[in-house]
Protein chains: 2
Amino acid sequence: MKNKTVILVEDDPDLQESIGQIIRHLPGLDLIKIIGDGLEAVKIIPDLHPDLIFMDINLPGCSGIECCSTLLAENPEILILMLTSFEDDDSVFNSLKAGATGYLIKKDLTLKLQEAVEDLLSGGSPMSPSIARRVVNSFRKPEAVSNQQLETLTIQEEKVLHLLSKGYQYREIANELFISIFTVKTHLRNIYRKLQVRSGTEAILKLFNKPS
Amino acid sequence: MKNKTVILVEDDPDLQESIGQIIRHLPGLDLIKIIGDGLEAVKIIPDLHPDLIFMDINLPGCSGIECCSTLLAENPEILILMLTSFEDDDSVFNSLKAGATGYLIKKDLTLKLQEAVEDLLSGGSPMSPSIARRVVNSFRKPEAVSNQQLETLTIQEEKVLHLLSKGYQYREIANELFISIFTVKTHLRNIYRKLQVRSGTEAILKLFNKPS
DNA sequence: AGCAAAATACTCCATTCGGCTGATTTCTTC
DNA sequence: GAAGAAATCAGCCGAATGGAGTATTTTGCT
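Rules behind the numbers
Residues numbered from 1 in each chain as written. Chains lettered and ligands numbered in written order. Predicted model: local features only at pLDDT ≥ 70, side-chain atom pairs only at ≥ 80, totals over all residues. Heavy atoms only, no water. Domains from an automatic or database assignment. Contact = heavy atoms within 4.5 Å. Buried area = accessible area lost by both parts, 1.4 Å probe. Salt bridge = Lys/Arg side-chain N within 4 Å of Asp/Glu carboxyl O. Polar contact = N/O pair within 3.5 Å; in protein donor to acceptor, adjacent residues only side chain to side chain. Helix = DSSP H or I, 4+ residues; strand = E, 2+ residues; numbered from the N terminus. Phe/Tyr/Trp six-rings, centres within 6.5 Å; stacked < 30°, edge-to-face > 60°. Near = heavy atom within 4 Å. Nonpolar A, V, L, I, M, F, W, Y, C, P; charged D, E, K, R; others polar. Axes fitted to C-alpha atoms, helices over the stretch in contact; angles between N-to-C directions. Parallel < 35°, antiparallel > 145°, perpendicular 65-115°, else oblique. Left-handed = near helix turned anticlockwise from the far one by under 90°. Buried < 20%, exposed > 50% of the residue type's maximum accessible area, 1.4 Å probe, protein only. Expected span 1.5 Å × (residues − 1).

1. Focus: the domain arrangement of chain A
Domain annotation for chain A reports domain 1 (4–137) and domain 2 (143–208). On a C-alpha basis, the centroid separation for the pair domain 1 of chain A and domain 2 of chain A is 42 Å.

Take a look at the structure:
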C-alpha cells in the first residue's frame, strides 16, 4: 500500500525536530513538509494534498484551530490530528468543531503516536485519555437541570418540549401529537412554570443546557 | 492495590458466560455479580456499590441507557462501560448523555477489554474507534451552516443573534445593544433571510447546530 | 373502587413576533 | 467621491405566543 503523506505544522524548532524524527520513524508515513506558521500552512497545504496533518495550536500567523477550519473547508477528507500541550475546554472543543479528527496532548505523544496514526487511518479518532473523558463528559446532562427540573416534566410535556425544540410551532406540535392546540398551550404553560422560564426560547436553552 | 469490583449487566446467557470469562481473566478485577434484567439492575446495584459496570443496552425490563441514568443519579462516581452491538447514533449519544464513560461495540471486545478497563480506571473514556469518530464528528459544524451562512452575518447581526440565543426578547436585546427595537427587528429579519429560517427558535437551532 | 396526577379542551386577553415597506445615516472600498 | 454595504429608525398588520382561569376525561396506582 502506498505510504500516507504527512505534514507537520509546528513552530517550535525543537519540537519540529523531535516530532519530525518520530514521524520519520513510523512505518507507512512520508513526512513531506514541516511548516512553522499558520498563514503559510493554509496557503501551501492545499497544493500538497497530504493525507494527514499533525497540527499544533499555538502558531504564529493564525491558530491551528483556524487552520483546521480553513483547510477542511476546501479538503474535508484530510485527517487532522491536533498535537498540542493545551487541554483546556476551549482548545479541545473548538478544535473538534473546526473538524480535527483526533487530539493528542504532547506529553503522551511518543508512546501513542503510532497507534494514533493507525487509529486515524482505520476510521477512529485517537484522543489522549483525559481528552476523551472530557469529550464524553461534555454530553453528560448536569444534575441541576435534568434531575431536579427536567425530570419533573411528564411524558407528554417532554414530547411537547422536544418538538418545540425542533422548531415546531404550536399548531404543528398539536398535529404531530394528535391533540388540540389548546392542549399544547396548557402543556407549555406547565412546562414554563416547572422550568421557571417565560418563553420557548428559554425553555430550549434549559433543555439543551447551554448556560453560556 | 485493592481489586476493582465489577458488575456485568447482560441478558444473553451465552454472552454472560463468554464476557464473564473474559472479565474473570483480567487482572485486578472482581466480577461480583451478573445481572440479566434492567429493573433488577437498578434495584440491587446501589447496594453492591461496584467500581465498574459493564452494561448491555438491549435488556428486558429497562434499557441499559435508562439504567445508566438511574444508577448514576445516585452514585455518580460509578464508571459505566457500555458493551453492546448497537452503534446507531441514538444508542451512542443517549448512552453518553445518560452518563456512560465508555462505549465498546461487542465485536472488538475480546481484544480491547483489558486496555479499555485500564483506560477507564486511569481517567480515560475508552471507545471503539468507530464510536470515537462518531462522537468527534458530532462536534463538527456542517459546511452549510457555518461557512456559507453564519459567516455572512454582520457583526451587529451576530450580536443580536447571540443575545436572542440567550433567551432575550427583542426589547431586551434593544436595551442591551442601545438600539431601538425596530433596529433589532430589522437585524432579525436579515438574519432570518440569510439563515433561511422563519423563527428565532429555528435560528437558534442552526446556531447551536442541532440538526433534528 | 377511589384518589391523585396527568392529559385533554376551551375562552379571554395582552404582548410579542415576523413580514412588508419604507427611510436616513455612517462606513468601507474601490 | 461615488457605490455599496452596514447600521440605524419607523409604522402597519396579521399571526403566534404566553398568562390566567376553568373544566372534563383518562390514567396510574394503591
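From this point on, the discussion continues.
2. Considerations on the interface of chain A and chain B
Counting residues at the interface gives 39 residues for chain A, matched by 40 residues for chain B. Overall, the association of chain A and chain B removes approximately 3300 Å² of surface from exposure, summing both partners, and the carbon and sulfur fraction of that is 62%. Contact with chain B buries area across many residues of chain A, yet R133, F139 and R140 of chain A alone supply 21% of it, more than any other trio. Taken together, the connections running from chain A to chain B amount to zero salt bridges. Between the two partners, chain A and chain B, sit eight residue pairs in polar contact (both at pLDDT 80 or more). The set of elements that each furnish at least two residues to the side of chain A that touches chain B consists of α3 (64–74), α4 (89–98), α5 (109–121), α6 (129–137), α7 (143–149), α8 (155–165) and α11 (200–208) of chain A. Looking at which element gives the most residues to the side of chain A that touches chain B, the answer is α6 of chain A, with six residues.

3. A few points about the packing of aromatic side chains
By the definition in use, this model includes three aromatic pairs over all chains. Here the aromatic cluster, defined as three or more aromatic residues joined through ring pairs, consists of F93 and F139 of chain A together with F93 and F139 of chain B.

4. Examining the protein's contact with DNA strand D
For DNA strand D, the set of nearby residues contains 19 residues, the closest of which are Y170, K185 and R189 of chain A together with T154 and S180 of chain B. The sugar and phosphate moieties of DNA strand D supply 63% of its atoms located within 4 Å of the protein. Between DNA strand D and R189 of chain A there is a distance of 2.7 Å, counted from a base oxygen to a side-chain nitrogen or oxygen. At a separation of 2.6 Å, a phosphate oxygen of DNA strand D approaches a polar backbone atom of S180 of chain B. Elements with a minimum of two residues in the surface near DNA strand D: α9 (170–177) and α10 (181–195) of chain A together with α8 (155–164) and α10 (181–195) of chain B. Ranked by residues supplied to the surface near DNA strand D, first place goes to α10 of chain B with five residues. Tallied by class, residues from the surface near DNA strand D come to five nonpolar, nine polar and five charged.

5. Observations regarding the packing of α8 of chain B against helix α9 (residues 170–177) of chain B
The angle between the axes and the distance between the axes are what describe a pair of packed helices. Residues and elements named next belong to chain B. In contact at an axis separation of 10 Å, α8 and α9 are set at 130° when each is read in the N-to-C sense. One way to sum up the angle between α8 and α9 is to call them oblique. As α8 packs across α9, the resulting crossing turns out to be right-handed. Along its contact with α8, which presents Q156, K159, V160, L163 and L164, the element α9 presents Y170, I173, E176 and L177. Class assignment of the residues belonging to the contact of α8 with α9 gives a composition of six nonpolar, one polar and two charged.

6. Details of the environment of I34 of chain B
Residues and elements named next belong to chain B. Among the secondary structure elements, I34 is positioned in strand β2 (residues 29–35). Judged by its relative accessible area of 29%, I34 is partly exposed. With 131 residues separating them in the primary sequence, I34 and S165 have C-alpha atoms 46 Å apart. Not counting residues within four places of it along the chain, the set of residues in contact with I34 comprises L8 and Q16.

7. Overview of helix α5 (residues 109–121) of chain B
All names here are of chain B. Helix length check: α5 (13 residues) gives 17 Å between terminal C-alpha atoms against 18 Å at 1.5 Å per residue, within 8%. When α5 is considered as a whole, its buried residues turn out to be L109, L113, A116, V117 and L120. Where α5 terminates, the next one or two residues include G123, which has phi positive at roughly 95°.

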